[in-house]
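# Structure at a glance
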Amino acid sequence: MDKINHSCLLLLSFLLSFISISAQNVNISGVVKDNEGLTIPGVSVSVKGTTTGTITDLDGKYSIKTSKGNILVFSFVGYKTKEILIANESLLNITLN
């Protein structure tokens, strides 16, 4: 009986830790604009240190899945690259200089 209780407790602990880890994944979306408020299509949006990335659409909109604590990198030719640490955001509008 003790082996069954121990196995159930171990399984429950594993499932709770998995739920906690997956709960930290977030979908970030927003719009990238320039200093004049014009949207910028084709901006590279990537998760620093990974191969995960996307580009903004014709309206400057993007959407990307990442985890809290990761850094999003926004880059486009002629503009300074911007890095943003992800905390609790789900909407992240960016202005590139």
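Scroll up for the structure.
Below is a short write-up of the structure.

Cut-offs used in this document
Residues numbered from 1 in each chain as written. Predicted model: local features only at pLDDT ≥ 70, side-chain atom pairs only at ≥ 80, totals over all residues. Heavy atoms only, no water. Helix = DSSP H or I, 4+ residues; strand = E, 2+ residues; numbered from the N terminus. Buried < 20%, exposed > 50% of the residue type's maximum accessible area, 1.4 Å probe, protein only. Contact = heavy atoms within 4.5 Å. Areas by Shrake-Rupley, 256 points an atom, 1.4 Å probe, with all protein chains shown as cover. Pairing = 2+ DSSP bridges. Salt bridge = Lys/Arg side-chain N within 4 Å of Asp/Glu carboxyl O. Core = buried A, V, L, I, M, F, W, Y, C linked by side-chain atoms within 4.5 Å.

Our focus in this paragraph is the overall build of the protein chain. The helix and strand tally for the protein chain stands at one helix and seven strands. Reading the secondary structure of the protein chain in the N-to-C direction produces α-β-β-β-β-β-β-β. A total of 97 residues make up the protein chain; the buried ones form 23% of that total. Here the contacts in the protein chain between residues at least 6 apart in sequence split such that 48% fall between residues at least 24 apart. Just so you have it, the protein chain exposes about 6700 Å², and 60% of that area is on carbon and sulfur atoms.

Let us now look at the sheet that holds strand 4 (residues 61-67). Strand order in this open sheet of three strands is 4-1-7, and the pairing throughout is mixed. Where the open sheet ends on each side, the last strands, each with one partner, are strand 4 and strand 7 (94-95). The pairing of strand 1 (residues 25-33) with strand 4 spans seven bridges and is antiparallel. Bridging from a neighbouring strand, Val26 pairs with Thr66 of strand 4.

A separate point is the pairing of strand 2 (residues 44-47). The alternating pattern of strand 2 places Val45 and Val47 on a buried face, while none of Ser44 and Ser46, on the opposite face, is buried. Where strand 2 and strand 3 (residues 53-55) come together, three bridges link them in antiparallel fashion. Of the residues in strand 3, the one forming a bridge with Ser46 is Gly53. Here strand 2 folds back onto strand 3, and the loop between the two strands holds five residues, one of which, Gly49, carries a positive phi near 80°. Sheet topology note: the strand 2/strand 5 (residues 71-75) ladder contains four bridges and is antiparallel. Residue pairing for strand 5: Val45 is matched across the bridge by Phe74.

What follows deals with the pattern of salt bridges. Tallying each qualifying case throughout the model produces one salt bridge. The partner of Glu83 in a salt bridge is Lys48, and the shortest N-O contact between them spans 3.1 Å. Placement of the pair is Glu83 in strand 6 (residues 82-85) and Lys48 in the loop between strand 2 and strand 3, with a sequence separation of 35 residues. Assessed through its relative accessible area of 45%, Lys48 is described here as partly exposed.

Each regular strand carries side chains that alternate between the two faces of the sheet. Bridge count between strand 5 and strand 6: four bridges; the pairing is antiparallel. Paired with Val73 across the bridge in strand 6 is Glu83. The turn joining strand 5 and strand 6, which pair antiparallel and follow one another in sequence, is formed by six residues; a positive phi near 90° is taken by Gly78.

If you look at soluble globular proteins, the nonpolar side chains tend to sit buried side by side. By size, the foremost hydrophobic cluster in this structure holds 15 residues, and its most contacted members are Ile28, Val32, Tyr62, Leu72, Phe74 and Leu92. Listed by contribution, the elements that provide at least two residues to this core are strand 1, strand 2, strand 4 and strand 5. Element by element, the count of residues in this core is highest for strand 1, at three residues. Not counting residues within four places of it along the chain, the set of residues in contact with Leu72 comprises Ile28, Ser46, Val47, Ile64, Lys82, Glu83, Ile84, Ile86 and Leu92.

These figures come from the coordinates and say nothing about function on their own.
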